[in-house]
Amino acid sequence: MKKIFLLPILFIFASCQEEGPLTKDSQAEVITPTAVLKYSGTFVPTDGIVVSGKAKIYLENNQYKVQLDNFSISDGPDLKVYLSKAATPNQFVNLGNLTSQTVYLIPANVNVADYSHVLIHCQQYNHLFAIAALTSN
């Protein structure tokens, strides 16, 4: 009788997977005073969304970072921060889940100059929430 109950418990533990880099909790990133502001843009909402704040891209120690400055947005499920080549989520880099953190690392292999927008996008329902067109500083 004990063997029957033990098997389902082992199956549950064996089926758990480690979280991926975009879903696990990450270390909080910060922007230091030595960082250089390279690009910035003000967020504008899509229909039915309320958003405020700016997206700023800094270069610090050969690492680009996106900072959401004075940022707030309507609640939504599965919101992601994208660095995008256009105002639509067609060619983009997913920087991670939108959380209370305000700084997101841009992968080192990304040529930031090729990207013109920061987007807030609901991946689950494929709905664009907000767009920040970037300008060079």
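Structural data are supplied above this passage.
Every value quoted in this text rests on a predicted model; they were computed, and no experiment measured them.

Q: Before we go on, may I ask you to explain the environment of V110 in this structure?
A: Along the chain, V110 falls in the loop between β6 (103-105) and β7 (117-122). By relative accessible area, which is 14% here, V110 ends up buried. For the pair V110 and Y64, spaced 46 residues apart in sequence, the C-alpha to C-alpha distance is 9.2 Å. When sequence neighbours within four positions are dropped, the list of residues in contact with V110 reads L83, V93 and Y115.

Q: What exactly am I supposed to notice about the pairing of strand β4 (residues 79-84) here?
A: The two faces of the sheet receive side chains in turn, since in a regular strand these alternate between them. The buried fraction of β4 amounts to six of the six residues, a majority that puts the element mostly inside the structure. Where burial is concerned, the two faces of β4 agree: the one with L79, V81 and L83 and the one with K80, Y82 and S84 are both buried. With six bridges connecting them, β4 and β7 associate as antiparallel partners. Each residue of the ladder has a partner; that of S84, found in β7, is H117. Relative to strand β5 (residues 92-97), β4 runs antiparallel, the two sharing five bridges. Bridge assignment links V81 to a residue of β5, and that residue is G96.

Q: Sorry, what's going on with the pattern of salt bridges here?
A: When the charged atoms of two side chains with opposite charge come close together, those side chains can pair. One pass over the structure, following the stated rule, counts four salt bridges. Residues D69 and K56 are paired through a salt bridge, measuring 3.0 Å at the closest nitrogen-oxygen approach. Remark: K56 occurs in strand β2 (residues 51-60) and D69 occurs in strand β3 (residues 63-73); sequence separation between them is 13 residues. One connected set of salt bridges, linked through shared partners, spans E29, E60 and K65.

Q: Help me understand unusual backbone geometry in this model?
A: Outside of glycine, negative phi angles account for most residues, and trans bonds account for most peptide bonds. Positive phi outside glycine occurs at N70, with the angle close to 50 degrees. One can find N70 in strand β3. Overall, the relative accessible area of 68% leaves N70 in the exposed class. For N126, which is not glycine, the phi dihedral falls at a positive 50 degrees. Note on placement: N126 falls in the loop between β7 and β8 (127-133). Of the residues examined, N126 reaches a relative accessible area of 58% and is grouped as exposed.

Q: How should the packing of aromatic side chains be read in this particular structure?
A: Geometrically, a pair of aromatic rings is defined through the distance of the ring centres and the angle of the planes. Under the counting rule described, the total for this entry stands at two aromatic pairs. On the basis of an interplanar angle of 10 degrees and a centroid distance of 3.9 Å, the ring pair of Y82 and F92 is categorised as stacked. Note that Y82 is positioned in strand β4 and F92 in strand β5, a separation of ten residues in sequence. Judged by relative accessible area, which is 1%, Y82 ranks as buried.

The rules behind these values
Per chain, the residues get numbers from 1 upward, laid out in the order the sequence is written. Where totals are concerned, whole chains, interfaces and linings use all residues; where local detail is concerned, this predicted model gives features only for residues with pLDDT of at least 70, and gives and counts side-chain atom pairs only at 80 or more. Values shown for side chains rest on all heavy atoms present in the structure; no hydrogens or waters enter the calculation. Strands here are runs of E lasting at least two residues and helices are runs of H or I lasting at least four, both read from the DSSP assignment and numbered beginning at the N terminus. Partly exposed describes any residue whose relative accessible area lies between the buried limit of under 20% and the exposed limit of over 50%, with all areas from a 1.4 Å probe on protein chains only and scaled to the type maximum. Residues are treated as being in contact if the distance between any of their heavy atoms lies within 4.5 Å. Paired strands, in this sense, are two strands between which DSSP finds at least two bridges. The working definition used for a salt bridge is a side-chain nitrogen of Lys or Arg within 4 Å of a carboxyl oxygen of Asp or Glu. Any pair of Phe, Tyr and Trp rings, taking the six-membered ring for Trp, is counted once the centres come within 6.5 Å. Such a pair is stacked with planes under 30 degrees apart, edge-to-face with planes over 60 apart, and tilted for the rest.

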